[in-house]
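Summary of structural features
One-letter residues, chain by chain:
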Amino acid sequence: MTDTDTPLQPKKKGLTRRQKRTLSRGVQYAVFAAAVIAFAATADWGRLQNQFAQADIAKQMFPDVITLALKNTVLYTLSGFVVGLVLGMVIALMRLSSVGPYRWLAGVYIEIFRGLPALLIFIFVGVAVPLAFPGTEIPGGTYGKVALALGLVSAAYMAETIRAGIQAVPKGQMEAARSLGFSPAKAMISIIIPQAFRIILPPLTNELVLLFKDSSLVLFLGVTLEERELSKFGRDLASTTANSTPILVAGLCYLLVTIPLSFVVRRMETKAQEAIR
Amino acid sequence: MSRPEIEVRGLHKSFGDNEVLRGIDLEIRQGEVVCVIGPSGSGKSTLLRCVNLLEEPTKGQVFVGGTEVTDPDVDIDAVRRRIGMVFQQFNLFPHLSVTENLTLPQRRVLRRDKATAARTAAENLARVGLAEKADAYPASLSGGQQQRVAIARALAMGPEVMLFDEPTSALDPELVGDVLAVMRMLAREGMTMMVVTHEMTFAREVADRVVFMDGGVIVEDGSPDQVIGAPRHERTRHFLSRLLDPAMADVEEETSDQVGKSEA
């Protein structure tokens, strides 16, 4: 009866722990290989290529897909980001305010705009705003509308990010600033917010990636030919050529921007981790 | 005798139900160096923080340079410009270089021009012996160097009073000396200083007066030789014996009337 004496020793019958580990890993590889093979064997590659990868159709998209569509996507994204950042900053400060109604209002804003699909916001901005304020034109036409819609959506997320960043700055920083004679507002602007932004640079860049994709919702505002961005551009061309290649090309254009951006975010996160250590 | 530089009258401070200060009266004359000692939770840091209103007193008055700090209508930012403060955790601004740590407050708060601020910064860095670190960032400095920069930053504002909140408690033992040397220099130059500290040697050699606090009240107040050398009160003796020879202390029963374990 040796196994009662040393319960941690491997028992003689059945697989050893090492064998179990090898078997488990072997099964995982086998499942993966089977899935890849099944996908490759069942997909109709010829038709897929015919529908999605026609070189001549792809070629006729250039240079417009870059000079017009990608340019507009970037423009929409950046303008939405700027509006969202400014508005998000105001809401974050309201959320941290000592005045109750400000905190309350900021909380309501954040809950509403985080809870609604971005698509609905675009429709509201396109339809409801002109109805509610007749005669007022959102400056900048479509560009203004997109900046507003994307800004309204992203402000809710950015406000929470900025608030977290401000609260992550150690309390001693505000105390040191106040003890030097900074007013609360001056201390916030010169000391706290610059440090908060270093902390939240990675999540803010992530927000930029999300906005980049959400800019495709411009589709629902109705745009002129000159205002088309990647998704609309790709879809229009796909329907005129009765082929999906433009969709693939548009998708690749998104990745052209989002993958490097994600890479930058990961780099910043690693660096921030190292800075803490 | 001229009016005291710092005057505390009937000061009370509570955090919720926890009464940390229970009636403090204290006067510090111009040029005087007063060390405040006492066990942790005795309220000494809170007292210091009430002097520049980082903590709002519950009751009582504080005057600095004749201005009532506790007056609700006082321009507290203006008062604080005259009171330099040094923290246990240094609290340098990590996103700014050493020089910028000194120049930014001068420019934003005192509205000094760039050249004046830079000159004042250089002078004060030289005073604390860190002129060669002017372009370094706080993270690259040792704790002792950071604390000396923090002192220089406070001095650059031209304060009339300096408050020190356990300035050497977060330092490695071999770095304490440099910071104390700077403080000794300030004391010799006639700066009015209120120092919360556990450095008994410093208190003995540099302080004009030592104040012993326990349980939110001042238990003993007198010359260093008297308070540290020949304490009159049992509580002071007990505290000093534990501080000066911690290896010999006995295990103690926690008493329920101990106040404010959560000293800030």
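Residues numbered from 1 in each chain as written. Chains lettered and ligands numbered in written order. Predicted model: local features only at pLDDT ≥ 70, side-chain atom pairs only at ≥ 80, totals over all residues. Heavy atoms only, no water.

Some points on the side chain of B:Glu5
Residue and element names in this part refer to chain B. To keep it simple, the criterion reads: Per the convention used, a helix needs a DSSP run of H or I reaching at least four residues, while a strand needs a run of E reaching at least two, with both numbered from the N terminus. Burial here depends on accessible area, computed with a 1.4 Å probe over protein chains only, as a share of the maximum for the residue type. Under 20% is buried, over 50% is exposed, and the range in between is partly exposed. Positive charges come from Lys and Arg, negative ones from Asp and Glu, while His and the chain ends are left out of the count. In what follows, salt bridge is the name for a side-chain nitrogen of Lys or Arg lying within 4 Å of a carboxyl oxygen of Asp or Glu. Contacts: residue pairs with any heavy atoms within 4.5 Å of one another.
Position of Glu-5 relative to the elements: it lies in the segment before β1 (6-15). Buried charge Glu-5 goes without a salt bridge, the closest partner of opposite sign being Arg-3 at 4.6 Å. Setting aside chain neighbours within four positions, we find Glu-5 in contact with Ile-28, Arg-29, Gln-30, Phe-63, Val-64, Gly-65, Glu-160, Val-161 and Thr-192.

Some remarks on the state of the cysteines
Where we set the bar: By convention in this document, the label disulfide applies to cysteine sulfur atom pairs within 2.5 Å.
Using the criterion set out here, one finds zero disulfides over all chains in the structure. B:Cys50 takes part in no disulfide bond, and the closest cysteine sulfur, belonging to B:Cys35, lies 19 Å away.

Thoughts on the packing of helix α5 (residues 143-155) of chain B against helix α6 (residues 176-188) of chain B
Residue and element names in this part refer to chain B. Basically, it comes down to this: Convention adopted: a line fitted to C-alpha atoms gives each axis, helices being fitted over their contacting stretch, and angles between N-to-C directions are expressed from 0 to 180 degrees. What sets the label is the angle itself: under 35 degrees gives roughly parallel, over 145 gives roughly antiparallel, 65 to 115 gives roughly perpendicular, and the rest give oblique. For this scheme, ten residues count as nonpolar: Ala, Val, Leu, Ile, Met, Phe, Trp, Tyr, Cys and Pro. Four count as charged, namely Asp, Glu, Lys and Arg, and the remainder, Gly too, count as polar.
In contact at an axis separation of 8 Å, α5 and α6 are set at 25° when each is read in the N-to-C sense. When the interaxial angle is binned, α5 and α6 end up roughly parallel. Here α5 contributes Gly-144, Gln-147, Arg-148, Ile-151 and Leu-155 to the contact with α6, which in turn contributes Asp-178, Val-179, Val-182, Met-183 and Leu-186. Partitioned by chemical class, the residues of the contact of α5 with α6 number six nonpolar, two polar and two charged.

Brief notes about the nonpolar core
Rule in force here: The criterion is simple. A nonpolar core is a set of buried Ala, Val, Leu, Ile, Met, Phe, Trp, Tyr and Cys residues joined through side-chain atoms within 4.5 Å.
Ranked by size, the top nonpolar core spans 82 residues in total, and within it B:Leu47, B:Leu163 and B:Met194 carry the most contacts. In terms of nonpolar packing, the next biggest core, distinct from the first, is built from 48 residues, B:Leu92, B:Leu125, B:Ala134 and B:Ile151 among them.

Some details on the interface of chain B and chain A
Note the cut-off: Here the buried area means the combined drop in accessible surface, using a 1.4 Å probe, for two parts upon being joined, counting both sides.
In this assembly, 23 residues from chain B lie in contact with 18 residues from chain A. Around 1700 Å² of area is buried between chain B and chain A when both sides are counted, 58% of it from carbon and sulfur atoms. Inspection of the region where chain B meets chain A yields two salt bridges. Those elements that provide at least two residues to the side of chain B that touches chain A are α2 (76-81), β6 (83-86), α3 (98-109) and α5 of chain B. Tallied by class, the residues present in the side of chain B that touches chain A amount to 13 nonpolar, three polar and seven charged.

Things to note about helix α4 (residues 114-127) of chain B
Residue and element names in this part refer to chain B. Using the following cut-off: Residue count minus one, scaled by 1.5 Å, sets the expected span of a helix. Each direction from the helix axis to a C-beta atom contributes to the arc, which is the arc of those directions.
Along its 14 residues, α4 runs 20 Å from first to last C-alpha, staying within 8% of the 20 Å computed at 1.5 Å per residue. Listed as buried for α4 are Ala-117, Thr-120, Ala-121, Asn-124 and Leu-125. The buried residues of α4 all sit within an arc of 130° when viewed along its axis, so they share a single face. Looking at α4, the residues exposed on the side facing more than 90 degrees away from the buried face are Ala-115 and Arg-119. Those residues of α4 hidden inside the fold are in contact with α3 and α5.

Structural notes on the confidence of the model for chain B
Residue and element names in this part refer to chain B. To keep it simple, the criterion reads: pLDDT is defined as a per-residue confidence score from the predictor, taking values between 0 and 100.
Summarising the model, chain B shows a mean pLDDT of 91, and 95% of its residues fall at 70 or more. Least confident of the elements in chain B is helix α9 (residues 234-244), whose mean pLDDT is 89; most confident is strand β7 (residues 161-165), at 97. The low-confidence segment residues 258-264 (pLDDT under 50) makes 19 contacts with residues lying over four places distant or belonging to another chain. In the predicted assembly, ipTM is 0.90 and pTM is 0.82.

As for the packing of aromatic side chains
The cut-off we apply is this: Only rings of Phe, Tyr and Trp enter the pairing, Trp through its six-membered ring, and a pair is recorded when the two centres are within 6.5 Å. The plane angle decides the type: under 30 degrees is stacked, over 60 is edge-to-face, the rest tilted. Here, a charge over a ring means that NZ of Lys or CZ of Arg falls within 6 Å of the ring centre while also lying within 35 degrees of the ring normal.
Using the criterion set out here, one finds five aromatic pairs over all chains in the structure. Relative to A:Trp45, the ring of A:Phe39 has its centre 6.0 Å away and its plane inclined at 90°; by these criteria the two rings are edge-to-face. With centroids separated by 4.3 Å and ring planes inclined at 20°, the aromatic side chains of A:Tyr109 and A:Phe113 adopt a geometry described as stacked. With A:Tyr109 and A:Phe113 both in helix α6 (residues 100-115) and four residues apart, the pair spans about one turn of that helix. Classification of A:Phe113 by relative accessible area gives buried; the value is 16%. We note B:Lys13 situated over the ring of B:Phe15; from NZ or CZ to the ring centre the distance is 4.9 Å. Across from the ring centre of B:Phe93, 4.4 Å away, lies the NZ or CZ of B:Arg153, which sits over that ring.

A look at the sheet that holds strand β5 (residues 67-68) of chain B
Residue and element names in this part refer to chain B. As a reminder of what qualifies: Following DSSP output, two strands are said to pair if at least two bridges run between them.
With antiparallel pairing, the four strands of this open sheet are ordered in space as β2-β1-β4-β5. On the outer flanks of this sheet lie β2 (18-28) and β5, each paired with one strand and no other. By the bridge criterion, eight bridges tie β1 to β2 in an arrangement that is antiparallel. The partner of Ser-14 across the bridge, within β2, is Glu-19. Along the sheet, helix α1 (residues 44-51) contacts β1, β2 and β4 (59-64); its crossing angle with β1, the most-contacted strand, is approximately 120°.

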